[in-house]
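Residue-level listing of the chains:
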Amino acid sequence: MSEDVRLVAWVRGRVQGVGFRWFTRAKALEIGGLSGFALNLGDGRVQVVAEGAREGCEGLLEWLQSDDTPGRVDGVTETWDTPRGGYDGFAIR
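Here goes a summary of the coordinates provided. Small disclaimer: the values here were computed from a predicted structure and weren't measured.

What counts, and where the lines are drawn
Residues numbered from 1 in each chain as written. Predicted model: local features only at pLDDT ≥ 70, side-chain atom pairs only at ≥ 80, totals over all residues. Heavy atoms only, no water. Helix = DSSP H or I, 4+ residues; strand = E, 2+ residues; numbered from the N terminus. Rg over C-alpha atoms; globule rule 2.2 N^0.38 Å. Buried < 20%, exposed > 50% of the residue type's maximum accessible area, 1.4 Å probe, protein only. Contact = heavy atoms within 4.5 Å. Areas by Shrake-Rupley, 256 points an atom, 1.4 Å probe, with all protein chains shown as cover. Lys, Arg positive; Asp, Glu negative; His and termini not counted. Charge placed at Lys NZ, Arg CZ, Asp CG, Glu CD. Arc of directions from axis to C-beta.

## Some thoughts on the overall build of the protein chain
A tally of helices and strands in the protein chain yields two helices and five strands. Computed over the C-alpha atoms, the radius of gyration of the protein chain is 12 Å, within 12% of the 12 Å expected from 2.2 N^0.38 for a compact globule of 93 residues. Residues counted as buried form 37% of the 93 residues belonging to the protein chain. Pairs at least 24 residues apart make up 76% of the contacts formed inside the protein chain by residues separated by at least 6 positions. Roughly 5100 Å² of accessible area belongs to the protein chain as shown, and the carbon and sulfur atoms make up 44% of that amount. If you average the places of the 11 positive and of the 14 negative side-chain charges in the protein chain, the two averages end up 8 Å apart.

Below you can see the structure in the form of structure tokens.
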């Protein structure tokens, strides 16, 4: 049985105004079993919070770090924690 985790990732680069949050939500839904959100930050980064099976969160993180994302990702900083819950699906904020 897979352990549930919380991933918080801050994505740097040209990630606003290019559909990044929409594609992040689509990828999370494709992976399945993830809840959380993608949010534009005032400094130009996108914050992604995902909770669910470790395998799914790791898959989303790999995608965030890949060349498959819209725009241009210059780097991703992530933290791992225990899930807090309270999310209804995966939202764009």
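Let us keep going from here.
## Regarding the side chain of Gln47
Tracing the backbone through its elements, the reader meets Gln47 in strand 3 (residues 46-53). Judged by relative accessible area, which is 16%, Gln47 ranks as buried. Leave out the neighbours within four places in its chain, and Gln47 touches Val8, Ala9, Trp10, Phe37, Ala38, Leu39 and Leu41.

## Some remarks on helix 2 (residues 54-64)
For helix 2, the full list of buried residues reads Gly56, Cys57, Leu60, Leu61, Trp63 and Leu64. Taken end-on, helix 2 shows its buried residues confined to a sector of 160 degrees, consistent with a single buried face. Counted as exposed and oriented over 90 degrees from the buried face of helix 2: Glu55 and Glu62.

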